[in-house]
Amino acid sequence: MLDVGSALRQGAKLLEDARISAPRLTAEVLLAHALHHDRAWLYGHPEQKLREVEWLHYGRYLHQRLNGVPTQYITRTQEFYGRPFRVTPDVLIPRPETEHVVEAALAVRGSAGRILDAGCGSGAIAVTLQIETGADVWATDISQPALRVAADNASRLGARVNLVACDLVDAIAGCSIDVLVSNPPYVPEAELEGLAREVRDHEPRIALTSGPTGFEIYERLISGARRVLRPGGRLILELGYNGSGRVQSLLDGFEDIRLIADLAGIPRVVSCALSFR
């Protein structure tokens, strides 16, 4: 039976030959998951022999990754804002750029008595904001399986999040929200085939695209925000890589419009306030 060091080398070589990104790191994550240890443990125990059941699990995880399954769906975990979130194929895998949405909301935390995350998926944004602010946080999703994942994450991480099954803000009372946040689906349908196979073939399509233009959900969400936000309340939306201009053109009735860029200088978040007029 192979030892830890040999298993890592063989796994990394398989992934490298298949042109899987970060092959050594991926092999470490998958082997650590199979052994129920962290990655640091692997380096302290390179001569530890794998039991048959551990080798079988490791081989299955490698096979899944070689077939395009994202590592996060294999390990069922993705870190977001320093916390481990459970993820399944029912929800989009939280991305680092979505942390900009959290930062934008935290910047206005003084006025955020009630926060709504529309289309919450795994609950990464909603759970993080509840823990960081202590606010009254609500989260919606049209997908019941996604809401179950969000509920599990809230419970495990000790967040008090009110989960509602509905389409965007349809079930939310008017003029009741101080801050509305969302990472809506924004990939145009025609661009889906050009996505990495890990995304295209495995992440939920409903969380990736809203239609031919990719702006369909923005249009509905911004319209709904005018109804549910209190005057002066803020709308904070994640943006696609080229979506800032079109989204800004939809913000009639909003003011104090701010764009927040990622580390590459690409506008990733728009934050704006509902006008008192």
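Located above this text is the structure these notes cover.
Quick caveat, the model's predicted, so the values are computed rather than measured.

A. Fine view of the overall build of the protein. Across its full length, the protein carries 11 helices and nine strands. Relative to the 2.2 N^0.38 estimate, which gives 19 Å for 277 residues, the radius of gyration of the protein is 21 Å and therefore close to what a compact globule would have. Projected onto the principal axes, the alpha-carbon positions of the protein cover approximately 70 × 40 × 35 Å. Taking all 277 residues of the protein together, 49% fall into the buried category. By sequence separation, contacts in the protein at least 24 residues apart represent 63% of the contacts at least 6 residues apart. Here the protein displays about 12,900 Å² of accessible surface, and carbon together with sulfur accounts for 52% of that area. Averaging the coordinates of the 30 positive side-chain charges in the protein and doing the same for the 34 negative ones gives two points 2 Å apart.

B. Quick peek at the packing of helix α6 (residues 99-106) against helix α7 (residues 124-133). Interhelical geometry of α6 versus α7 gives an angle of 35° and a closest axis separation of 10 Å. Remark: the crossing between α6 and α7 carries right-handed chirality. For the pair α6 and α7, contact is made by V101, V102, A105 and L106 and by I125, T128, L129, E132 and T133, respectively. The residue inventory of the contact of α6 with α7, partitioned by class, reads six nonpolar, two polar and one charged.

C. Spatial organisation of the pattern of salt bridges. Enumeration according to the criterion identifies 17 salt bridges in this entry. Its salt-bridge partner being E132, residue R83 comes within 2.7 Å of it at the nearest N-O pair. Of the two residues, R83 is situated in strand β2 (residues 83-86) and E132 in helix α7; the sequence distance between them amounts to 49 residues. Here E132 falls in the partly exposed class, since its relative accessible area comes to 27%. Its salt-bridge partner being D256, residue R234 comes within 3.0 Å of it at the nearest N-O pair. In this pair, R234 sits in strand β7 (residues 229-238) while D256 sits in strand β8 (residues 254-261), placing the two residues 22 residues apart along the sequence. Since its relative accessible area comes to 6%, R234 is described here as buried. Taken together, the shared-partner salt bridges connect R24, E28 and R39 into one network.

Thresholds, definitions, all that
- Residues numbered from 1 in each chain as written.
- Predicted model: local features only at pLDDT ≥ 70, side-chain atom pairs only at ≥ 80, totals over all residues.
- Heavy atoms only, no water.
- Helix = DSSP H or I, 4+ residues; strand = E, 2+ residues; numbered from the N terminus.
- Rg over C-alpha atoms; globule rule 2.2 N^0.38 Å.
- Buried < 20%, exposed > 50% of the residue type's maximum accessible area, 1.4 Å probe, protein only.
- Contact = heavy atoms within 4.5 Å.
- Areas by Shrake-Rupley, 256 points an atom, 1.4 Å probe, with all protein chains shown as cover.
- Lys, Arg positive; Asp, Glu negative; His and termini not counted.
- Charge placed at Lys NZ, Arg CZ, Asp CG, Glu CD.
- Axes fitted to C-alpha atoms, helices over the stretch in contact; angles between N-to-C directions.
- Left-handed = near helix turned anticlockwise from the far one by under 90°.
- Nonpolar A, V, L, I, M, F, W, Y, C, P; charged D, E, K, R; others polar.
- Salt bridge = Lys/Arg side-chain N within 4 Å of Asp/Glu carboxyl O.

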